[in-house]
Amino acid sequence: MELKRGVFYCVGIGPGDPELLTLKAVRTLERCPVVAVPRTKSGETLALEIVRGAMPLEGKTILPLDFSMSRDHAVLRAAHQRAAEAVEAHLAAGRDVAMPNLGDVSIYSTCAYLMDILTARGYEAVMIPGVPSFCAVAARLGTSLTTMHAALHIFPGSGAVEEQLDLPGTKVLMKSGKQLPQVAEALGRKGLLDRAAMVWNCGLPEEGVCRDLSKVPENAGYFATIIVKE
C-alpha cells in the first residue's frame, strides 16, 4: 500500500507583528508536524520567531532552509532546489509541511518558488494568505493606499525607480534595502519627497518610521517599504 503523501502549506504570517497572523494561519501551523523556515547566514530564523509569538511549537520538527541573496539566477535556482528537496523528504514520508512566509504568500514570496518545484513533482500545495507588508505599513502611517479611481503600483525597491515614479497613482517600493539612498535621490529629482514616507521592520521590535526621506535613516535595512502618494 502506497503511503499517502504530505501536503505543502505556504503560510502568510504578516510583516512581523504576531497578532497579525490569521486564525487560518495559526490553525494550519498547529496542524502540520513539520515547520520549514528560511534561515539567514547568521542563523536567524525571523519567520519562526514571529510564529513563536503567536503559538507554541513544542513537539514539531523545525526544518531550517538556507536560501541565497545572490542576484545570480543559477545560484538562486540551486538554493530553491535544495530547499525543495529538504521539504520533499518529509512530504514523501507522509508528513504535512508548513512554511511560514513574511507578508502574503503571493507577493515576492520565497515560498512560491518551492511550491512551483514541488507541484511540478506531483505534490499538493496550499496557499494560506496573510496580511501584506505594504498594507501594514500604510496602516502604521495612517494613510490609505488608494482612492476609488487611483492606480496602485507595487515594485521591488531595487528596480528602475525613475520610471516607476512617473506612473500615475500610488507607488509602493518594497524591500528597498541598500538602494535607499538612490531611491531618496530619485524622489528628490521628481519633487516627490513631501509625498513619500517609509516604515522599516514593520511590526517588529526594531520598527522605525521616516516621514522625511531627505534624511535617509542609516539603520533602515532590507525590510524597508516606501509609499509614494499621488
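Up top is the structure.
Computed from a prediction, not measured in an experiment: that's the story for all the values here.

Criteria and cut-off values
- Residues numbered from 1 in each chain as written.
- Predicted model: local features only at pLDDT ≥ 70, side-chain atom pairs only at ≥ 80, totals over all residues.
- Heavy atoms only, no water.
- Helix = DSSP H or I, 4+ residues; strand = E, 2+ residues; numbered from the N terminus.
- Rg over C-alpha atoms; globule rule 2.2 N^0.38 Å.
- Buried < 20%, exposed > 50% of the residue type's maximum accessible area, 1.4 Å probe, protein only.
- Pairing = 2+ DSSP bridges.
- Axes fitted to C-alpha atoms, helices over the stretch in contact; angles between N-to-C directions.
- Contact = heavy atoms within 4.5 Å.
- Phe/Tyr/Trp six-rings, centres within 6.5 Å; stacked < 30°, edge-to-face > 60°.
- Lys NZ or Arg CZ within 6 Å of the ring centre and 35° of its normal.

Caption draft 1: Region of interest: the overall build of the protein chain. Each helix and strand counted, the protein chain has 7 helices and 10 strands in total. Since a compact globule built from 230 residues should have a radius of gyration of about 17 Å, the 19 Å found for the protein chain is in line with a globular shape. Projecting the C-alpha coordinates of the protein chain onto the three principal axes gives extents of approximately 65 × 40 × 35 Å. Taken over 230 residues, the protein chain has a buried fraction of 44%.

Caption draft 2: Examining unusual backbone geometry more closely. In this model, Y108 sits at a positive phi of 45 degrees, which is unusual for a non-glycine residue. Classification of Y108 as partly exposed rests on a relative accessible area of 37%. Phi is positive for N201, which is not a glycine, with a value near 55 degrees. Positionally, N201 belongs in the loop between strand 8 (196-200) and strand 9 (208-210).

Caption draft 3: How the structure looks around the sheet that holds strand 8. If you walk across this open sheet you meet the 5 strands as 6-7-10-8-9, and the pairing is mixed. For this open sheet the edge positions go to strand 6 (152-156) and strand 9, each flanked by a neighbour on one side alone. Neighbour-to-neighbour, the strand axes of this sheet turn through a mean angle of 15 degrees, independent of strand direction. Pairing of strand 6 with strand 7 (residues 170-174), which is carried by 5 bridges, proceeds in the parallel orientation. The partner of L152 across the bridge, within strand 7, is T170.

Caption draft 4: Representation of the side chain of H80 within the structure. Considering the arrangement of structural elements, one finds H80 in helix 3 (residues 73-92). Those residues in contact with H80 that lie beyond four places of it in its chain are F67, Y113, L114 and I117.

Caption draft 5: Seen up close, the packing of aromatic side chains. If you walk through the whole model with that rule in mind, you get 0 aromatic pairs. Sitting over the ring of Y123, R5 keeps its end group 4.0 Å from the ring centre. Cation over ring: R31 sits above Y9, and NZ or CZ is 5.5 Å from the ring centre.

Caption draft 6: Spatial organisation of the pairing of strand 8. In terms of burial, strand 8 is largely enclosed, as 5 of its 5 residues are buried. Pairing of strand 8 with strand 10 (residues 224-228) involves 5 bridges; the strand directions are antiparallel. Opposite M198, over in strand 10, you have I226 as the bridge partner. Taken together, the 3 bridges between strand 8 and strand 9 define a ladder with antiparallel strand orientation. The partner of W200 across the bridge, within strand 9, is G208.

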